[in-house]
Structures are given as C-alpha cells and as structure tokens.
Amino acid sequence: TVLLSRSVIESESGMSSGNASARLFERRQHDVQSGPMSATDVAHADGDGRWWKRIVVCGDDFGMSADIDAGVMRLARLARLSAVSCLSQGAMFAAHGPDLQAFDLDLGVHLNLTQDLGGVGQMPVMSLSMLIARAYAGRLDDEWLDAQLTHQFDAFEDVMGRAPDYVDGHQHVHQLPGVLPRLLRLLKQRYGADGPWLRHTAPGMQDGIPLRESARARLVGALGASAVARVADREGWRTNRRLFGVYDQQGGARRYARLLQRWLNNARDGDLILCHPALSGGCDALASQRVAEFEVLARPEFGDWLRGNGVCIARPC
C-alpha cells in the first residue's frame, strides 16, 4: 500500500502548480456540425455562446479478451471512440489488432508491467503494489524494464505494421518514476522527433464528482502526472490536457451514466476520457462493469449528452 499526503497528491496531479496545456489539437475555425466531429474539426463558439470541445474517448485493454475486443470495435463502428489502447501481449491482440485498421482511430501501446495476460511469450510481471514500491525506491531492474518495453513495442509493430500513435499504461504504470525515463529513452531511439503522444493523468475538473471518485482520480495523477507535464514542457512531447474516467469500476450502468454525464460537463478542449467497455461473456473481475460501460456508451442518448455539453469526440490532429 502506498500512502500519499494531500500536498503530494495536489502537487503531483497538477492541482496546485498547474501543468502544460495539451498539444494534441491545432486551433482552426470551422463551421459547427450537429453530430460528432472529425479530427480536423476544432473548438468553436456557436451562436448561443456554447463551445464545442474536442475530447479523446479512449477504449483501454484491447487485446485482453474476445469480449473486450468486440465491445471496443462495436463502439468504434458507432463513432463513440477516437482512440484504442492495445495490450500488445494480450492473448487476442494478434488475432484482432489488424481489424482496428478499418476505423478512424488513434492506436496506442497500453504498457503492461503488472498483469499476466496469457499471451504467447509474455515476460514476467509483478504486482502493482510491488512495482510502485520499487519505482519510488529507485529499485527497478533497468534490464527487465527495457526488455519489457522492447518486447511490447515490437509486438505492436509486428501486428499493426506501423508505429503507435500514443503510449499510456495499464494501471497507469507508464508515468511511474524509473519507468517514464526508460520509456522516453526507447521512444526517442525508435521514433526520433516524430514520437507518439503520451497520456497525462492529471484529473480534470471535479465539479459534481463524488468525493470517492475525485480522490481516486487525484491519486492516479499523484503517481506521476507532474513528471509527464514537466518532460512535455521541456522536451516537447504532446499530451492530452487532463484525464477523466477514473473510478472504482463498480456500480452498474446507472452509476456509470451519472459519472459520464458529469465528466462530459466538466470536460475542456483537449481532455481525455478513458473507458473499459466489453460485450457480455467475459470472466475477469471487472466483466460486469465493462458490460455496463459498453451499454451506456452505446446508447443513443450518449450523442445527446455530447451535444448538450458542447463536446465532440475527435482524434488528435
């Protein structure tokens, strides 16, 4: 268990000192559309003074199982996602990864250091608590970490035939001390100046968010958001602005719908909402809530929530 003081949480998540603004979207004027917007559309005030806000909606854990992959692809067909985070060592990634090429999506490496996914050739992992403890104590094995990074990026490129558009972490491990520097080193070596963008975990506005969910979001940011913001400022890495979608992944569709509406209301241009959708049939510990998320995101009224909050789902330009 890792205990963090309130001052550390606020500092690390960017709540006290602020953070770099997102570099994902270019600013251009456009004509407002009534439905979801393409990647070339940008924020714009309509005649009523409402702002269209472009956000990335990202489906995590693709490649873990057939039910997750099917749920993600169903939402992609409905234009409810603009990014998909891929577990390149997942048991189903090699089989289903190429199918993602048919959609207008950013595709990223979902770096995994903590969960045995059952994929062929997966390297040994450790528990999240052990990883965090070793990362903050400066006791991570660089050879193990470099091998993990190389193997997962190789696997992504072998299946997709191209470099990833972005990088994030399963259980947000990409931002941890010791992990982030080795990750950036690999990205520079492989991709040079034209590298992928990084997920920034500083929490978005928490207006109307229950205390439990707000605290969880700030804790995730406390584990490394300020480090990502600093390196983005110093070295020019692109990031999303702030993060939504963090909660305990319980409570069914009704609770998720309430949270999603608050996240959309609080979202600002350049923010990112993560989600974990799946169709029924899964057997992991989060299976029922994954189905609940899918059901809410697939509803026709989700489009009404987007329009009512002046939000469009977009790929980064």
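Predicted model, so just to flag it, every value in this text is computed and none were measured. (Residues numbered from 1 in each chain as written. Predicted model: local features only at pLDDT ≥ 70, side-chain atom pairs only at ≥ 80, totals over all residues. Heavy atoms only, no water.)

### Quick notes on the overall build of the protein chain
Then, in step 1: Within the protein chain one finds 11 helices and eight strands.
Then, in step 2: Expressed as a percentage of its 317 residues, the buried residues of the protein chain come to 56%.
Then, in step 3: Contacts in the protein chain between residues at least 24 apart in sequence constitute 76% of all its contacts with a sequence separation of at least 6.
Then, in step 4: Surface accessibility of the protein chain: about 13,300 Å² in total, with carbon and sulfur atoms responsible for 49%. (Helix = DSSP H or I, 4+ residues; strand = E, 2+ residues; numbered from the N terminus. Buried < 20%, exposed > 50% of the residue type's maximum accessible area, 1.4 Å probe, protein only. Contact = heavy atoms within 4.5 Å. Areas by Shrake-Rupley, 256 points an atom, 1.4 Å probe, with all protein chains shown as cover.)

### Examining the packing of helix α9 (residues 252-266) against helix α11 (residues 300-308)
Then, in step 1: Contact pair α9 / α11: the axes reach a minimum separation of 9 Å and the direction vectors enclose 25 degrees. If you check the angle between α9 and α11, you find them roughly parallel. The chirality of how α9 crosses α11 is right-handed. Residues Ala257, Leu260, Gln261 and Leu264 of α9 form the contact with α11, whose own contacting residues are Phe302, Trp305 and Leu306.
Then, in step 2: Taken together, the residues of the contact of α9 with α11 sort by class into six nonpolar, one polar and no charged. (Axes fitted to C-alpha atoms, helices over the stretch in contact; angles between N-to-C directions. Parallel < 35°, antiparallel > 145°, perpendicular 65-115°, else oblique. Left-handed = near helix turned anticlockwise from the far one by under 90°. Nonpolar A, V, L, I, M, F, W, Y, C, P; charged D, E, K, R; others polar.)

### Details of the packing of aromatic side chains
Then, in step 1: Taken as a whole and assessed by the stated rule, the structure comprises seven aromatic pairs.
Then, in step 2: For the pair Phe93 and Phe156, a centre-to-centre distance of 6.1 Å together with 20 degrees between the ring planes defines the contact as stacked. You can see Phe93 sitting in helix α3 (residues 93-96) and its partner Phe156 sitting in helix α5 (residues 142-160), a full 63 residues away along the chain.
Then, in step 3: Given a relative accessible area of 0%, Phe156 falls into the buried group. (Phe/Tyr/Trp six-rings, centres within 6.5 Å; stacked < 30°, edge-to-face > 60°.)

### Considering the pairing of strand β4 (residues 166-169)
Then, in step 1: Side chains Tyr166 and Asp168 project from β4 onto one buried face, and the interleaved Val167 and Gly169 project onto a second face that is buried too.
Then, in step 2: By the bridge criterion, four bridges tie strand β3 (residues 106-111) to β4 in an arrangement that is parallel. Each residue of the ladder has a partner; that of Val109, found in β4, is Val167.
Then, in step 3: Pairing geometry for β4 and strand β5 (residues 197-198), over two bridges, is parallel. Counted as the bridge partner of Tyr166 is Trp197 from β5.
Then, in step 4: Remark: the β4/helix α6 (residues 179-191)/β5 crossover connection has right-handed handedness. (Pairing = 2+ DSSP bridges. Right-handed = clockwise from strand over helix to strand, strands pointing away.)

### Quick look at the confidence of the model for the protein chain
Then, in step 1: The share of residues in the protein chain with pLDDT of 70 or more is 85%, and the mean pLDDT across the chain is 87.
Then, in step 2: Considering only residues more than four positions removed or in separate chains, one finds that residues 1-21, a stretch of pLDDT under 50, has 37 contacts.
Then, in step 3: Taken together, the stretch residues 27-45 has pLDDT below 50 and engages in 41 contacts with residues farther than four places along the chain or on a different chain. (pLDDT = per-residue confidence, 0-100.)

### Regarding α6
Then, in step 1: The end-to-end C-alpha distance of α6 is 18 Å, a good match for the 18 Å that 13 residues give at a rise of 1.5 Å each.
Then, in step 2: Looking at α6, one finds that the buried residues are Val179, Leu180, Arg182, Leu183, Leu184, Leu186, Leu187 and Tyr191.
Then, in step 3: Once α6 ends, the next one or two residues include Gly192, with phi positive near 65 degrees. (Expected span 1.5 Å × (residues − 1).)

### Concerning the pattern of salt bridges
Then, in step 1: Under the definition given, this model contains 22 salt bridges.
Then, in step 2: Of the charged contacts, one joins Glu213 and Arg212 as a salt bridge, the two residues approaching to 3.6 Å between their closest N and O atoms.
Then, in step 3: For Glu213, a relative accessible area of 3% translates into the label buried.
Then, in step 4: Ionic pairing is found between Arg307 and Asp304, a salt bridge with its closest N-O pair at 2.9 Å. Taken together, the residues span about one helical turn, with Arg307 and Asp304 both in helix α11 at a distance of three residues.
Then, in step 5: Using a relative accessible area of 32% as the deciding quantity, one classes Arg307 as partly exposed.
Then, in step 6: Connected through shared salt-bridge partners, Asp142, Asp146, Arg182 and Arg185 make up one network. (Salt bridge = Lys/Arg side-chain N within 4 Å of Asp/Glu carboxyl O.)

### A short note on the nonpolar core
Then, in step 1: Formed by 73 residues in total, the largest nonpolar core has its most connected members in Val84, Leu100, Phe153, Leu187, Leu260, Trp263 and Leu264.
Then, in step 2: Counting residues in hydrophobic clusters, the runner-up holds 14 residues, among them Leu24, Trp197, Leu243 and Leu274. (Core = buried A, V, L, I, M, F, W, Y, C linked by side-chain atoms within 4.5 Å.)

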